[in-house]
Structure formats: C-alpha cells, structure tokens
Amino acid sequence: MMGPSHALSGAAVWLAGSYGLAQIAHYHQTPLELAVGTAMCAGGALLPDLDLSGRVVTDQGGATVAHTFGVFSLFIAEVVEKASLGIYDLTRTRRDPHLHNGHRTFTHTLPFNIGVGIGVFELCLHFGKWAVLPVLFVTFAMALRGLFENWAKRAGWVIVTLTALAATAFAFARLDGGRGYPMLGVALGVGGIVHLFGDMLTSHGCPILWPIPTGRRMWRCIGVPDAIATKVGGRVEVFVWRTVFVLIALVAAVGLFAPQLLHRYALAW
Ligand SMILES: [Zn+2]
C-alpha cells in the first residue's frame, strides 16, 4: 500500500480502538489525547516503509515517509534499507531468495514494530520531555505527509517541518505527562502493526511470521491470495480502501465526540 492509505488506516484503527475502549472498558480520553494518538498512529503507520530508498542526490524515489524531511530522511531511508538487507542476508536460509534491496524485510516484521512501540513507550516514560518532544515532532511530520499528501507535496518539507513544530509545541503544552507520554509508544507500535496488515492485502505480502521459520524459510512473505489481492496504488486501494478507512474514522470520531458535544449542549440548554 502507499503512504496515504497506510496513514488513513492507522488513523481509522486508532479512532475505532479508542471508541471500543471507551464503550467496553470505559477508558475515556480527552479530545487532545485522541487527536495526538490518532496522529501518532497515522504517522507510525508510515514508518515501516522507511526501508524503501530513493535517490538522495536528486530527491527522487523512496516512500512517502522518506520525503518527510527532504534529503535528510531520504538518506536515513538509504541506511535503513541497507541495514534491513544486512539483517535479511544474515538470517535467511538457503530457501529464501537472494535480494538486491531490503524493502519489506526487517521493518515489516512484528519484532521491529513491537520494538519501536516498547522503545518509545520506555523512552517517554523515563526521559519525559526530552523523548516526548522529538517523538511528537517526527511523528507529526510523518502524519502530515501521509494524511495531507497533496498539500505536503506542494508546501515542501520546510513548511511541513514548521507545521510539525507548531503542532508539537501546542500538543506538548497540553499533554498529560501521566498517561499521555507512554500512549505515544503504544500509538506508534499499533500504527506499525496496522501497516503490516495493510501490506498483507497486496499480493507481495510481508514477512509477518519472522523469525519463526516455515517450510525451512525464514522470510516467507504472507499476503492474501493473488486473486483477491489489492494492487499497490491501484483503483481498489485508492477508491475502495481509502473510503473504507475514512468512513471508519468518521463513524468512530462521531461516536467519540458526539456524546461530549451533546452533553455540553444539554448543559448549556
Ligand atoms: Zn510497507
């Protein structure tokens, strides 16, 4: 799947999950917590594609996420792709094919994405402000890239970066340190896992079982059968899946916010 679809699916899952938690476990979040969590999950859902490298010098190629900070993030994507290929080569069996590119390998595994979630959770818990600020900033920038693709392309990475800085300052000043900080790690981890499921809708799939070997292969890519697979960037992805994600997000958002608004309205009445 492409960046905007991943970002939308992350936002939809976070809002739907928050609605479920509010209904079933009576775990209620403030509008700010919901907005920040949704942005973190949308941004986090782009992270695994940081293994798609482009051309750093000419600022071309790479996934949506690789363009977040212009040539800087393109350079990081280059490093992540090579490192992922290194891990692939080190751990593959003779039955796994030889690859020339590290895309859809290590960053598309559960251990990587759960690791990102736990890592950010712990960093934010122990280092507070000094971890929360960079996490908010980087993820807001990724979320802007994914959710507002056309605007971000037109605006360019400098304006996207400035907008992410403003959002970071606004959110940080209001976010509750008690449960708001560790929530960032949870949202990022969930976003990454949502990405894996999104890629599994395509015929290439992703190595969701790694490092559990199946049929003497370590890196078996698992996805839906070719007959019903979604073509990356095709009409089904752009028109059907994105509509589904937007609808889920909207219905969940109405479910979450309508009672609060009605309550306030009723009180004012
Ligand atoms: Zn991917």
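Residues numbered from 1 in each chain as written. Predicted model: local features only at pLDDT ≥ 70, side-chain atom pairs only at ≥ 80, totals over all residues. Heavy atoms only, no water.

1. Here we look at the overall build of the chain
- A count of helices and strands for the chain gives eight helices and two strands.
- Secondary structure elements in the chain, listed N-terminal to C-terminal, are α-α-β-β-α-α-α-α-α-α.
- The globule rule puts the C-alpha radius of gyration for 269 residues at 18 Å, and the 19 Å found for the chain is close to it.
- Across its three principal directions, the C-alpha atoms of the chain cover 70 × 40 × 40 Å.
- A total of 269 residues make up the chain; the buried ones form 45% of that total.
- Across the chain, contacts joining residues at least 24 apart in sequence account for 68% of those joining residues at least 6 apart.
- For the chain, the exposed area adds up to about 13,700 Å²; of that, 72% sits on carbon and sulfur atoms.
- Once the 19 positive and 14 negative side-chain charges of the chain are each reduced to a mean point, those two points are 3 Å apart. (Helix = DSSP H or I, 4+ residues; strand = E, 2+ residues; numbered from the N terminus. Rg over C-alpha atoms; globule rule 2.2 N^0.38 Å. Buried < 20%, exposed > 50% of the residue type's maximum accessible area, 1.4 Å probe, protein only. Contact = heavy atoms within 4.5 Å. Areas by Shrake-Rupley, 256 points an atom, 1.4 Å probe, with all protein chains shown as cover. Lys, Arg positive; Asp, Glu negative; His and termini not counted. Charge placed at Lys NZ, Arg CZ, Asp CG, Glu CD.)

2. Examining the layout of surface pockets
- Estimated volume of the largest pocket: approximately 450 Å³.
- Forming the walls of the largest pocket are 22 residues, and the residues nearest its centre are Gly-62, Ala-63, Thr-64, His-67 and Lys-153.
- Elements with a contribution of two residues or more to the lining of the largest pocket: α1 (3-24) and α6 (149-174).
- For the lining of the largest pocket, the element with the highest residue contribution is α6, accounting for five residues. (1 Å grid on protein atoms, 1.4 Å probe; cavity = no way out; pocket = protein on both sides within 12 Å on 5 of 7 lines; lining within 4 Å. Points joined across faces, edges and corners; volume = space filled by probe spheres on them.)

3. What about the environment of Arg-55?
- Tracing the backbone shows Arg-55 in strand β1 (residues 54-55).
- Accessibility expressed as a relative area gives 55% for Arg-55, which makes it exposed.
- Taking the C-alpha atoms as reference points, Arg-55 and Phe-75, 20 residues apart in sequence, are found 8.5 Å from one another.

4. A few points about the side chain of Thr-64
- Relative to the elements of secondary structure, Thr-64 occurs in the loop between β2 (60-61) and α3 (70-91).
- Not counting residues up to four positions away in its chain, the partners in contact with Thr-64 are Gly-3, Pro-4, Leu-46, Arg-145 and Gly-146.

5. A word on α1
- The first and last C-alpha atoms of α1 sit 31 Å apart over 22 residues, in line with the 32 Å expected at 1.5 Å per residue.
- A positive backbone phi angle near 55 degrees is found at His-26, which sits one or two residues after α1. (Expected span 1.5 Å × (residues − 1).)

Fair warning: the whole summary comes from geometry, so function is off the table for now.
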